[in-house]
Amino acid sequence: MKLRKASWLLISLTLILSIFLTACTGNQAEDPKETPGDDGTKEEEQASGPQQGGDLIIGSTGAPTVFNPLYSTDTSSSDIEGFIYDSLVSSDTEFNPTMSMAESIDISEDGLTFTAKLKKGIKWHDGEEFTADDVVFTFSIPKNPDYNGERGSAFEAMESVTKVDDYTVEFKLSKKDASFYPVSLSYFILPEHILKDVPVAELGEHEFNTKSPIGTGPFKFVEWKDGEYVKVEAFDDYFKGRPYLDTLTYKIVPDMDAMIAQIQAGDIHFAAGVPGTDIETVKSFPGVKVESGLGLSYTYLGYNQKNDLFKDKKVRQAITHAIDREAIVSSVMNGDGKVAHVPESPLSFAYNEDVPKFEFDVEKAKSLLAEAGWKDSDGDGILDKDGKKFSFTVKTNQGNKVREDIVVVLQEQLKEVGIEAKPEIVEWSAFIEQISAPNWNYDALVLGWSLSTFPDQYDIFHTSQMEEGLNFVWYSNPEADKLMEEAKQILDQDEYKAAYADIYKMLAEDQPYTFLYYPNVHRVMPANLEGYVFHAKDDFYDISKWWLKK
Amino acid sequence: MLSYIIRRILMAIPLLLGITIVSFAIMKLAPGDPASLMMDPTISPEDKARFMERYGLNDPIHIQYLKWLGAMLQGDFGTSLIRKGVPVIEMIMNRMPNTILLMVVSTLLAMLISIPFGVISATRPYSKLDYTVTVTSFLGVATPNFFLGLILIMVFAVQNNLFPTGGVATLNAPFSLWDRIHHLIMPAFVLAAADMAGLTRYTRSSMMEVIKQDYMRTARAKGFKENKVIYKHGLRNGLIPVITIFGLMIPSFIGGAVIVEKIFTWPGIGLLFVDSAFQRDYPVLMGLTVISAVFVVIGNLIADILYAIFDPRIEY
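Residues numbered from 1 in each chain as written. Chains lettered and ligands numbered in written order. Predicted model: local features only at pLDDT ≥ 70, side-chain atom pairs only at ≥ 80, totals over all residues. Heavy atoms only, no water.

1. As for the overall build of chain B
Inference 1: A tally of helices and strands in chain B yields 11 helices and zero strands.
Inference 2: Order of helices (α) and strands (β) in chain B, N terminus to C terminus: α-α-α-α-α-α-α-α-α-α-α.
Inference 3: Summarising its shape, the C-alpha atoms of chain B cover approximately 85 × 55 × 35 Å along the three principal directions.
Inference 4: Counting over 316 residues, chain B shows a buried share of 49%.
Inference 5: Long-range contacts, defined here as pairs at least 24 residues apart, represent 72% of the contacts in chain B between residues at least 6 apart.
Inference 6: Of the roughly 15500 Å² that chain B leaves accessible, carbon and sulfur atoms contribute 70%.
Inference 7: In chain B, the 26 positive side-chain charges and the 20 negative ones have mean positions that sit 12 Å from each other. (Helix = DSSP H or I, 4+ residues; strand = E, 2+ residues; numbered from the N terminus. Buried < 20%, exposed > 50% of the residue type's maximum accessible area, 1.4 Å probe, protein only. Contact = heavy atoms within 4.5 Å. Areas by Shrake-Rupley, 256 points an atom, 1.4 Å probe, with all protein chains shown as cover. Lys, Arg positive; Asp, Glu negative; His and termini not counted. Charge placed at Lys NZ, Arg CZ, Asp CG, Glu CD.)

Put into structure tokens, the structure is as follows:
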């Protein structure tokens, strides 16, 4: 009896509570979780153009660390920096550089001097005017000997940055660098009038970065509650026009399961990075829509070429032949991606399909392996050579469901040609430490690269990057090296593309990796969100133009 | 008594030191480091190496430990490696009120529910009610925190929208006490559930022991009403051992909070612990280790002192 009384009390109490709570939020008509039901019925006539107002709650499984583009290294921080700051150049949906705070950028004949004309009348969030001093200040930081952030390499080619007049800045390079324009000039600009007296050695840990960042971007920083959320509000004087949304709340959730539950409950309105395996579930939730497209990344099976097993190009080609990538995309990923042949996304201007391809062909794989001297001499079903079995482990990181499944599928598929591939799943940080310099403790691995909008394979495939850099598969081809070095000097996009066409041919032929697939990316958003444009790299592309239809 | 307490506190010092040494060693010997998380082609290996050097992460383990210990003894827990420049103590203190709130509320909840249940089943042993309470408490012990939490979220937050899915308050809403309570109910209940079961069983057996005592019979013989006998004479004595186990429950609360906070997105020190472990944020991990170790030691100390106060048979 008592129990029953107690539970009734609890239920009625919560009912009263929830009525009270809905009453509180009910008058916020722009709250997307309230609107889906009466979406576009009575107010259709008025709802022709963009409407001002509304709060968008964005979910993220990563927590930000610091809001200073020269010191942050994680995606969450750069998401929020994108709301607060702005840059001289940005990129459109085809990744072409576009002018943002710069009016124009002139490049000298020799490609060593860049002159940026700045737009006039741009305001910082505190009302000060944006000028050439801010640009010079920002770009001088990474060149300062006291700079202790991790972004130095992006400014390596830059020799000096000087103010010509209040709205003109001149950059001098010590050598030609194709990535200077699209990459270095797209860094966010910091306010000189606030930070000029801070010693560069202390800038990375200055409280500006976490407590009061000021930018020229579409949203002003309001509050950061550690472990909970970061809130920003529309900046009325934004030079591209005030954003339609009033506030953005970047909410931190511990994992994807919590994220999906919160999307369903309406506690989160927008989420990027929802895995393809969950997308069908999310689509069934009321009031949400999903926008998908090819992401700017690829997933690969990499071979440790320090290991004798993988030194022969024929062997690597044979393994690629033995892997049914179409089946991986269609069954493991539910068709949510595209088979890859080169380390470049089809979205890039430099993409080249005209490369040697190694389609799924078990017989071809077997004959290539036989040519390389591998045969099953003891009849146990596993190939061997000089008394050594063709057996190795395939490592991948924990927590990525698709990759975890792929290593198991690889085991099955490679067994068909007499290769034993044993799956091994390792926690992320430990995995990275094991595979990279100076350990290289793996045989083969499944991993992905997220690509820059500007294609450059130097860091990953150049011989000089083997011992310390990201060429942890120890791939080396002097011819490819030469081409990658030369490409760095090419400023013309068509010539660059032609140079890379050759590089991709070589990489495809050598198969340092088996390029597995290009995954799709999915973004969940309120069904009444308008003005959203898909950008493969930027989840929040042109967010100042987003609006909620009432 | 006082000398006993002082002795116990002095004994806690080597214990705490031992805990920090073991934790530090395990943490450093585990694979991975904060720089390896920066796997980004645009960050050069030199920059990563500089990061490791700057925070002294390349020094031998014992040097790193002694440096850390020296600073810690002067009250300096260092700054986070990931949240650049933010003092560890500030990060922990930001989160601590949330965890303490959760612990206090769930302890009260556990007490309010389990003590009456324990007494009721003790007074009517082997009745239907007793069996129901017994079965329910075993279910409570057997159901893992995370499972119960997920079920509650599924049923009450996602399907019926009675409770929020997580967090401490509704976003973009003005502060309201009801809202806070509303957010607190489910995580506090889940954290309390496991302890409720144990506490009920503990109260039951302790009360059954007490009920058989001569003084209870004497009280009844004097003509007191049964309720008065049970609740005035019995409960006072029966609760002595129960009160002491609260001190011993503190470690289990900290452990439980890690899971419950993660499931309910409750921004307390448990969630901070999980995040810092994945990011290899060593200073934060060590700060949290020291603080939870201190909690555990204090909890044990309180348990022993309470025992000494309530049970005059124990001499020190």
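Alright, that's what it looks like, and here's the rest.
2. Quick word on the overall build of chain A
Inference 1: Counting its regular elements, chain A contains 16 helices and 22 strands.
Inference 2: Computed over the C-alpha atoms, the radius of gyration of chain A is 26 Å, within 12% of the 24 Å expected from 2.2 N^0.38 for a compact globule of 550 residues.
Inference 3: By its C-alpha atoms, chain A is 80 × 75 × 45 Å across when sized along the principal axes.
Inference 4: Each of the 550 residues in chain A was classed as buried or not, and the buried ones make up 55%.
Inference 5: Of the contacts made within chain A by residues no fewer than 6 positions apart, 68% connect residues no fewer than 24 positions apart. (Rg over C-alpha atoms; globule rule 2.2 N^0.38 Å.)

3. Considering the pattern of salt bridges
Residues and elements named next belong to chain A.
Inference 1: Overall, the coordinates contain 30 salt bridges over all chains when judged by the stated rule.
Inference 2: One salt bridge connects K314 with E371, and the closest N-O pair in it is separated by 3.4 Å. Of this pair, K314 sits in helix α9 (residues 313-322) while E371 sits in helix α11 (residues 362-371); the two residues are 57 residues apart in sequence, bridging distant segments of the chain.
Inference 3: When its relative accessible area of 33% is taken as the criterion, K314 is described as partly exposed.
Inference 4: A salt bridge links K401 to D405, with the shortest nitrogen-to-oxygen separation between them at 3.3 Å. Taken together, the residues span about one helical turn, with K401 and D405 both in helix α12 (residues 401-415) at a distance of four residues.
Inference 5: For D405, a relative accessible area of 29% gives the class partly exposed.
Inference 6: Through salt bridges with shared partners, a single network forms among D133, K163 and D166. (Salt bridge = Lys/Arg side-chain N within 4 Å of Asp/Glu carboxyl O.)

4. Looking at the interface of chain A and chain B
Inference 1: With 57 residues of chain A in contact, the opposing surface of chain B contributes 52 residues.
Inference 2: Counting the surface lost from both chain A and chain B, the interface buries some 4900 Å², and carbon and sulfur atoms represent 57% of this.
Inference 3: When the buried surface of chain A facing chain B is broken down by residue, E150, E205 and D226 of chain A rank first, second and third, together holding 13% of it.
Inference 4: As a salt-bridge pair, R95 of chain B and D226 of chain A come within 3.0 Å of each other at their nearest N and O atoms.
Inference 5: There are 18 residue pairs in polar contact (both at pLDDT 80 or more) connecting chain A and chain B.
Inference 6: Among the residues forming the side of chain A that touches chain B, the class breakdown is 24 nonpolar, 18 polar and 15 charged. (Buried area = accessible area lost by both parts, 1.4 Å probe. Polar contact = N/O pair within 3.5 Å; in protein donor to acceptor, adjacent residues only side chain to side chain. Nonpolar A, V, L, I, M, F, W, Y, C, P; charged D, E, K, R; others polar.)

5. As for the UniProt feature "domain: ABC transmembrane type-1" (unreviewed entry) in chain B
Inference 1: Following the UniProt record, the feature "domain: ABC transmembrane type-1" (unreviewed entry) maps to residues 96-307 of chain B here.
Inference 2: Structurally, residues 96-307 of chain B comprises 83% helix and 0% strand, and the distance from its first C-alpha atom to its last is 28 Å. (UniProt positions renumbered as here; feature names shortened; annotations may be inferred.)

6. Describing the UniProt feature "transmembrane region" (unreviewed entry) in chain B
Residues and elements named next belong to chain B.
Inference 1: Feature annotation in UniProt assigns "transmembrane region" (unreviewed entry) to the following positions: residues 9-30, 100-119, 131-158, 181-199, 238-264 and 284-310.
Inference 2: With 100% helix and 0% strand, the stretch residues 181-199 has end C-alpha atoms that lie 24 Å from each other.
Inference 3: Spanning residues 238-264, this segment combines 96% helix with 0% strand, and its end C-alpha atoms are found 35 Å apart.

7. Let's talk about the UniProt feature "domain: Solute-binding protein family" (unreviewed entry) in chain A
Inference 1: Annotation from UniProt places "domain: Solute-binding protein family" (unreviewed entry) at residues 98-459 of chain A.
Inference 2: A helix fraction of 25% and a strand fraction of 25% characterise residues 98-459 of chain A, whose end C-alpha atoms lie 25 Å from each other.

8. Some remarks on a nonpolar patch on the surface
Residue and element names in this part refer to chain B.
Inference 1: A contiguous nonpolar surface patch, about 670 Å² in accessible area, is contributed by F146, F147, L150, I151, M154, V155, F156 and I259.
Inference 2: It is helix α6 (residues 145-159) that contributes the most residues to the nonpolar patch, seven residues altogether.
Inference 3: Tracing the chain through its elements places I151 in helix α6. (Patch = residues over 30% accessible without salt bridge, like charges linked within 9 Å, V, L, I, M, F, W, Y side chains within 5 Å.)

9. Let's talk about the sheet that holds strand β7 (residues 168-173) of chain A
All names here are of chain A.
Inference 1: Strand order in the open sheet made by the four strands is β4-β5-β7-β6, with antiparallel pairing throughout. Pairing within the sheet leaves two strands with one partner each, and these edge strands are β4 (102-107) and β6 (158-165). Averaged over neighbouring strand pairs, the angle between their axes works out to 20° when direction is ignored.
Inference 2: One ladder, built from five bridges, connects strand β5 (residues 113-118) with β7; its direction is antiparallel. Across the sheet, residue K117 finds its bridge partner in β7, namely T168.
Inference 3: Lying on the sheet, helix α3 (residues 132-140) is in contact with β5, β6 and β7; it crosses β6 at an angle near 165°. (Pairing = 2+ DSSP bridges. Axes fitted to C-alpha atoms, helices over the stretch in contact; angles between N-to-C directions.)

10. Points about the side chain of D481 of chain A
Residues and elements named next belong to chain A.
Inference 1: Looking at where D481 falls in the secondary structure, it is placed in helix α15 (residues 478-487).
Inference 2: Despite its burial, D481 remains without a salt bridge, the nearest opposite charge being carried by K482 at 11 Å.
Inference 3: When residues no more than four places from it in sequence are discounted, the contact partners of D481 are F461, H462 and T463.

11. Thoughts on the packing of helix α4 (residues 88-123) of chain B against helix α9 (residues 226-263) of chain B
Residues and elements named next belong to chain B.
Inference 1: Contact geometry for α4 and α9: axes closest at 9 Å, N-to-C directions at 140°. Classified by the interaxial angle, the pair formed by α4 and α9 is oblique. Taken as a pair, α4 and α9 cross one another with a handedness that is right-handed. Contact residues: T99, L102, M103, S106, T107, M111, I115, V119 and T123 in α4; I230, Y231, L235, L239, F246, F253, V260 and E261 in α9.
Inference 2: Partitioned by chemical class, the residues of the contact of α4 with α9 number 12 nonpolar, four polar and one charged. (Parallel < 35°, antiparallel > 145°, perpendicular 65-115°, else oblique. Left-handed = near helix turned anticlockwise from the far one by under 90°.)

12. Quick notes on the side chain of S345 of chain A
Inference 1: Within the secondary structure layout, S345 of chain A lies in the loop between β14 (337-339) and α11.
Inference 2: Contacts of S345 of chain A, omitting those with residues within four sequence positions, involve G295, L296, Y351, L451 and Y518 of chain A.

13. So, the confidence of the model for chain A
Inference 1: Within chain A, residue pLDDT values average 89, and 91% of them lie at 70 or more.
Inference 2: For residues 1-45 of chain A, every residue scores under 50 in pLDDT, and the model assigns this stretch 32 contacts once sequence neighbours within four places are set aside. (pLDDT = per-residue confidence, 0-100.)

14. Observations concerning the pairing of strand β1 (residues 55-60) of chain A
In regular strands, side chains alternate between the two faces of the sheet.
Residues and elements named next belong to chain A.
Inference 1: For β1, the tally of buried residues reaches six of six residues, placing the bulk of the element in the interior.
Inference 2: Taken together, the six bridges between β1 and strand β10 (residues 247-252) define a ladder with parallel strand orientation. Counterpart to G59 in the pairing with β10 is K251.
Inference 3: Where β1 meets strand β11 (residues 270-272), two bridges bridge the pair, whose relative direction is parallel. Counterpart to G59 in the pairing with β11 is A271.

15. Considerations on α4 of chain B
Inference 1: For α4 of chain B, with 36 residues, the first-to-last C-alpha span of 51 Å sits near the 52 Å given by 1.5 Å per residue.
Inference 2: If you look at α4 of chain B, its biggest bend is around 35°, right at M96 of chain B, and the proline P97 of chain B turns up within four residues after that. (Expected span 1.5 Å × (residues − 1). Bend = angle between axes of the 7 residues up to and from the residue.)

16. Comments concerning the packing of α4 of chain B against helix α10 (residues 269-279) of chain B
Residue and element names in this part refer to chain B.
Inference 1: At a minimum axis separation of 8 Å, α4 and α10 run at an interaxial angle of 135°. When the interaxial angle is binned, α4 and α10 end up oblique. Side by side, α4 and α10 meet where M91, I92, R95, M96 and T99 of the first sit next to I269, G270, L271 and L272 of the second.

17. Some points on the pairing of strand β18 (residues 420-426) of chain A
Residue and element names in this part refer to chain A.
Inference 1: In this sheet, β18 lies alongside strand β17 (residues 391-397) in parallel orientation, the contact comprising seven bridges. Following the sheet pairing, K395 is matched in β18 by E424.
Inference 2: At this point the chain moves from β17, through α12, to the parallel β18, and the crossover so formed is right-handed. (Right-handed = clockwise from strand over helix to strand, strands pointing away.)

18. Things to note about the packing of aromatic side chains
Inference 1: Scanning the model with the defined rule gives 43 aromatic pairs over all chains in all.
Inference 2: Between F83 of chain A and F219 of chain A the ring centres are 6.3 Å apart and the planes differ by 70°, which places this aromatic pair in the edge-to-face class. Of this pair, F83 of chain A sits in helix α2 (residues 75-84) while F219 of chain A sits in strand β8 (residues 219-225); the two residues are 136 residues apart in sequence, bridging distant segments of the chain. In terms of burial, F83 of chain A and F219 of chain A fall into one category: buried.
Inference 3: Centre to centre, the rings of Y300 of chain A and Y513 of chain A are 3.8 Å apart; their planes meet at 5°, and the pair counts as stacked. On the criterion of sequence distance, the pair formed by Y300 of chain A in strand β13 (residues 297-303) and Y513 of chain A in strand β20 (residues 513-526) is long-range, its members being 213 residues apart. Here Y300 of chain A matches Y513 of chain A in class, with each residue buried.
Inference 4: Taken together, the ring pairs in this structure connect Y298, Y300, W449, F461, F472, Y475, Y513 and F515 of chain A into an aromatic cluster.
Inference 5: The ring of W474 of chain A is capped by K306 of chain A, whose NZ or CZ atom sits 3.9 Å from the centre of that ring.
Inference 6: Looking at R204 of chain B, its charged tip hangs above the ring of Y126 of chain B, at a distance of 5.8 Å from the centre. (Phe/Tyr/Trp six-rings, centres within 6.5 Å; stacked < 30°, edge-to-face > 60°. Lys NZ or Arg CZ within 6 Å of the ring centre and 35° of its normal.)

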